[in-house]
Amino acid sequence: MRNVTQQTRRLMLLDTASLYFRAYFGVPESVKAPDGTPVNAVRGLLEFIDRLVKDHRPDDLVACMDADWRPQWRVDLIPSYKAHRVAEEREAGPDEEEVPDTLSPQVPVIEDVLDALGIARVGVEAYEADDVIGTFTGRATGPVDIVTGDRDLYQLVDDQRGIRVLYPLKGVGTLQLTDEAWLREKYGVDGRGYADLALLRGDPSDGLPGVPGIGEKTAAKLLAEFGDLAGIMAAVDDPKAKLTPSQRKRLDESRPYVAVAPKVVKVAGDVPLPDVDTALPHAPRDPAALDALAVRWGLGGSLHRLLSTLQA
């Protein structure tokens, strides 16, 4: 009976940085601590988590973190990867990412509050939160809800395993439930095909060039015709394959990019995750620390509502 219970537990994985960025831009900076420090991202994220737990009732919850937002192993393969978002290059450790001045100081507060609440928080050196999410998803034995404002994670959607993406459209009150049917209607691919589509199309927000002249619709048509990226590249070498001369030429010229891009675009599934208790907490792990944080940062109703939801 115990194994059955484990298999039916619902896991929720938060792409934490994606959500606190949305909270920061969605909640006015006039929301401040008693000393005048903005806490809009902190309170907004707490409100997000409260709503997510209320609406979706996960058994397990993990706040996945970017221990390295631009891993060197990805940059070595595609040097333009997220290059436009570098605020300062560092010889040792990850480069510094461009983050609004009033958001950066809120991130340690968010981490302290999550820790005091007892919500599992996982970041692994040399990996992005996407990779942590990918590895947790691969190991899951039950359904998984991935909450992210990053479409890259559509690649993990898998109806058979009950893996879906909850994509915030406005706050987290309106979530786009992304399953394979939605992906096929929108992009013409399933979860597995989305990574190939993104690779071909490119993504300026991540500094991925894509294949010149291959947009989203063309990429979807090629994947429908040839199955996957390997099938498309095999078609380049087949004179009988239904490719236009310009498509064949551009794909052929993009072989160096196509050879390395899958490792950059696809989330890692082999991150060495720490041993953590992922169970949704029903009471704070450290009530005294949480009380001190609530007073120091004026977390008020946002924190109280989340605590009530967790205790319910």
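Owing to the predicted nature of the structure, the values given are computational and were not obtained by experimental measurement.

The rules behind each value
Per-chain numbering applies: the sequence of each chain, read as written, is numbered from 1 onward. Owing to the predicted nature of the model, reporting of local features is limited to residues with pLDDT of at least 70; listing and counting of side-chain atom pairs is limited to 80 or more, with chain, interface and lining totals taken over all residues. The side-chain values count all of the structure's non-hydrogen atoms but skip hydrogen atoms and water molecules. Working definition: helices are DSSP H or I runs of at least four residues, strands are E runs of at least two. Numbering for both runs from the N terminus. Here a polar contact means two N or O atoms within 3.5 Å. Within protein one must be a hydrogen donor candidate and the other an acceptor candidate, and residues neighboring in sequence count only if both atoms are side-chain atoms. The contact rule is simple, with two residues in contact once any of their heavy atoms fall within 4.5 Å. When a carboxyl oxygen of Asp or Glu is within 4 Å of a side-chain nitrogen of Lys or Arg, the pair counts as a salt bridge. Residue burial is assigned from relative accessible area. The probe radius is 1.4 Å, only protein chains are included, and a residue is buried under 20% of its type maximum, exposed over 50%, and partly exposed in between. The rule for pairing is simple: two strands pair if DSSP sees at least two bridges between them. Lines fitted to C-alpha atoms define the axes here, with helix axes fitted over just the stretch in contact, and angles between the N-to-C directions of these axes take values from 0 to 180 degrees. For Phe, Tyr and Trp, rings pair up if their centres lie within 6.5 Å, where Trp contributes its six-membered ring, and each pair is then called stacked (planes under 30 degrees apart), edge-to-face (over 60) or tilted (otherwise). Remark: a charge is flagged as sitting over a ring if the NZ atom of Lys or the CZ atom of Arg is within 6 Å of the ring centre and within 35 degrees of the ring normal.

Caption draft 1: Seen up close, the side chain of glutamine 155. Here glutamine 155 lies in the loop between strand S6 (144-147) and strand S7 (163-170). At 3.0 Å, the side chain of glutamine 155 forms a polar contact with the backbone oxygen of aspartate 152. In contact with glutamine 155, other than residues within four places in its own chain, are Gly191, Arg192, Tyr194, Ala195, Val265, Lys266 and Val267.

Caption draft 2: Structural view of the pattern of salt bridges. Evaluated as defined, the whole model comprises 19 salt bridges. Glutamate 128 is paired through a salt bridge with lysine 82; the nearest N and O atoms lie 2.7 Å apart. Here the residue glutamate 128 occupies a position in the loop between strand S5 (120-122) and helix H6 (129-139), and lysine 82 occupies one in the loop between helix H4 (72-77) and strand S3 (86-88), the gap between them amounting to 46 residues. An identical accessibility class is assigned to glutamate 128 and lysine 82; each is buried.

Caption draft 3: The sheet that holds strand S2 (residues 60-64), seen in detail. With mixed pairing, six strands are arranged side by side in an open sheet as S5-S2-S1-S6-S7-S8. Whereas interior strands pair on both sides, the edge strands pair on one side only; in this sheet they are S5 and strand S8 (174-178). Ignoring which end each strand starts from, the neighbouring axes of this sheet average 25 degrees apart. Note: strand S1 (residues 11-15) against S2, five bridges, orientation parallel.

Caption draft 4: Highlighting the packing of aromatic side chains. Counting across every chain of the model gives nine aromatic pairs. Centroid distance tyrosine 154 to tyrosine 194: 5.4 Å. Interplanar angle 70 degrees. Geometry classified as edge-to-face. Placement of the pair is tyrosine 154 in the loop between S6 and S7 and tyrosine 194 in helix H8 (residues 191-201), with a sequence separation of 40 residues. An aromatic cluster is present here, built from Tyr154, Tyr167, Trp182, Tyr187 and Tyr194 joined pairwise through their rings. One Lys or Arg, arginine 296, reaches over the ring of tryptophan 297 and ends 3.9 Å from the middle of that ring.

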